[in-house]
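Listed below, chain by chain, are the residues.
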Amino acid sequence: MVRPALRSRSLRRVKRRTPGGRVVTLYEKRKPGPARCARCGRPLAGVPRYRPNVIRNMSKTSKRPERPYGGVLCPSCLAELLREAIIGGQS
């Protein structure tokens, strides 16, 4: 029986082949869900799905897209927001 801490279903079970040829079960923490747009809730492209300790060591440019509201709004919501700002600024 595996040790009690690893019996939790919050850990995912991954089968891996060792260099010796055995197949062993490894217990990994699950991946977080995708980052979502703050306005429409659609999953954001260009934002990685890693655990916070992995993301902390990544470069800033690989954490989110390089554009205004990158990593917060999806491109279509950003375009809408900019359009509203331009129209609102003209009156």
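In this text, all values refer to a predicted model and were calculated from it rather than measured experimentally. (Residues numbered from 1 in each chain as written. Predicted model: local features only at pLDDT ≥ 70, side-chain atom pairs only at ≥ 80, totals over all residues. Heavy atoms only, no water.)

## Here we look at the overall build of the chain
The number of helices and strands found in the chain is three helices and two strands. For the chain, the residues scored as buried account for 14% of the 91 residues in total. Counted over contacts in the chain with a minimum sequence separation of 6, partners at least 24 positions apart contribute 23%. On the chain, roughly 7200 Å² of surface is accessible, and the fraction owed to carbon and sulfur atoms is 54%. Where the 23 positive side-chain charges of the chain centre and where its 4 negative ones centre are 18 Å apart. (Helix = DSSP H or I, 4+ residues; strand = E, 2+ residues; numbered from the N terminus. Buried < 20%, exposed > 50% of the residue type's maximum accessible area, 1.4 Å probe, protein only. Contact = heavy atoms within 4.5 Å. Areas by Shrake-Rupley, 256 points an atom, 1.4 Å probe, with all protein chains shown as cover. Lys, Arg positive; Asp, Glu negative; His and termini not counted. Charge placed at Lys NZ, Arg CZ, Asp CG, Glu CD.)

## Thoughts on the pattern of salt bridges
Scanning the model with the defined rule gives four salt bridges in all. Linking E80 and R39 is a salt bridge whose minimum nitrogen-to-oxygen distance equals 3.6 Å. Of this pair, E80 sits in helix 3 (residues 75-90) while R39 is found in the loop between strand 2 (23-29) and helix 1 (52-55), placing the two residues 41 residues apart along the sequence. Residue classification places E80 among the partly exposed positions, given a relative accessible area of 36%. (Salt bridge = Lys/Arg side-chain N within 4 Å of Asp/Glu carboxyl O.)

## With respect to the confidence of the model for the chain
Summarising the model, the chain shows a mean pLDDT of 93, and 99% of its residues fall at 70 or more. Here helix 3 stands out as the element of the chain with the lowest mean pLDDT, 89, in contrast to strand 1 (residues 11-17), whose mean of 97 is the highest. (pLDDT = per-residue confidence, 0-100.)

## Some words on the environment of R39
The exposure class of R39 is partly exposed, given its relative accessible area of 38%. Taking the C-alpha atoms as reference, R39 lies 19 Å from I87; in sequence the two are 48 residues apart. Apart from residues lying up to four places away in sequence, R39 is in contact with L73, C77, E80, L81 and E84. Polar side-chain contacts of R39 include one of 3.2 Å to the backbone oxygen of C77. Separated by 3.3 Å, the side chains of R39 and E84 make a polar contact. (Polar contact = N/O pair within 3.5 Å; in protein donor to acceptor, adjacent residues only side chain to side chain.)

## Comments concerning the pairing of strand 2
In terms of strand pairing, strand 1 meets strand 2 through seven bridges, oriented antiparallel. Opposite R12, over in strand 2, you have E28 as the bridge partner. Linking two consecutive strands that pair antiparallel, namely strand 1 and strand 2, is a turn of five residues; a positive phi of about 100° is found at G21 within it. (Pairing = 2+ DSSP bridges.)

## A look at the environment of V47
Looking at the secondary structure, you find V47 in the loop between strand 2 and helix 1. The sequence separation of V47 and G71 amounts to 24 residues, and the corresponding C-alpha distance is 6.3 Å. With sequence-adjacent residues up to four places away left out, V47 is seen in contact with A35, K63, R64, P65 and G71.

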